[in-house]
Amino acid sequence: MTSTEAAAIALQDHAVLWSVGEIRASEVVDAACDALVAGLDTAGLRILAACTRAEADYDVHDLLPIALAELGLTFCPVAGEAGQEAAARALARRMLAGAFTPREFTFRLHQRYGHELPLTERLAELDDEYDILECGDRTVAQVDAEVTAEARRLATRPTVFAEPTDTLS
């Protein structure tokens, strides 16, 4: 994967994580800056990256969909299953990057989606397993390993990006 592909995935992950309240708008602006540094460049991305921390809370809502569209990326509505799956995949990538433990990962997904999202059903079951470890024959390390394997499965996805467009002047 090239640095521009990684930056595009990171920006899209930041978008979905911001939309579900996992991160602040200023972190989306930071991801836009990182995308510019990595070589992605559109007018909308430059405008988004130029937001100050104070402006981010107000302006990201309007600027982010434009920047993503120019880069050929999708801004999934979080209320739908596609948005929920995108958020779960982004959280999986964050866990694999060390942002939180496997236990915290399963707790977040279980709390957010319960057993209702088919993509994360096994992770909800594993969150339940953490709660009953002292009653069973599995160890924390064994459950952590299975959670990590599931996170890797979620984090792997086909990444096909459209050619960037520069629609703003």
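Residues numbered from 1 in each chain as written. Predicted model: local features only at pLDDT ≥ 70, side-chain atom pairs only at ≥ 80, totals over all residues. Heavy atoms only, no water.

A. Just the packing of aromatic side chains, in detail. On inspection of all chains with the given rule, the structure shows one aromatic pair. Note on Phe100 and Phe105: the rings are 6.4 Å apart at their centroids and 20 degrees apart in plane angle, and the pair reads as stacked. For Phe105, a relative accessible area of 0% corresponds to the buried category. (Phe/Tyr/Trp six-rings, centres within 6.5 Å; stacked < 30°, edge-to-face > 60°. Buried < 20%, exposed > 50% of the residue type's maximum accessible area, 1.4 Å probe, protein only.)

B. Structural detail: helix α8 (residues 140-155). Helix length check: α8 (16 residues) gives 22 Å between terminal C-alpha atoms against 22 Å at 1.5 Å per residue, within 8%. For α8, the full list of buried residues reads Val143, Val147, Thr148, Glu150, Ala151, Leu154 and Ala155. Across the axial projection of α8, the buried residues extend over an arc of 165 degrees, all falling on one side. Opposite the buried face of α8, at more than 90 degrees from it, the exposed residues are Ala141 and Arg152. Contact partners of the buried residues in α8: α5 (81-96), α6 (102-113) and α7 (121-131). (Helix = DSSP H or I, 4+ residues; strand = E, 2+ residues; numbered from the N terminus. Expected span 1.5 Å × (residues − 1). Arc of directions from axis to C-beta. Contact = heavy atoms within 4.5 Å.)

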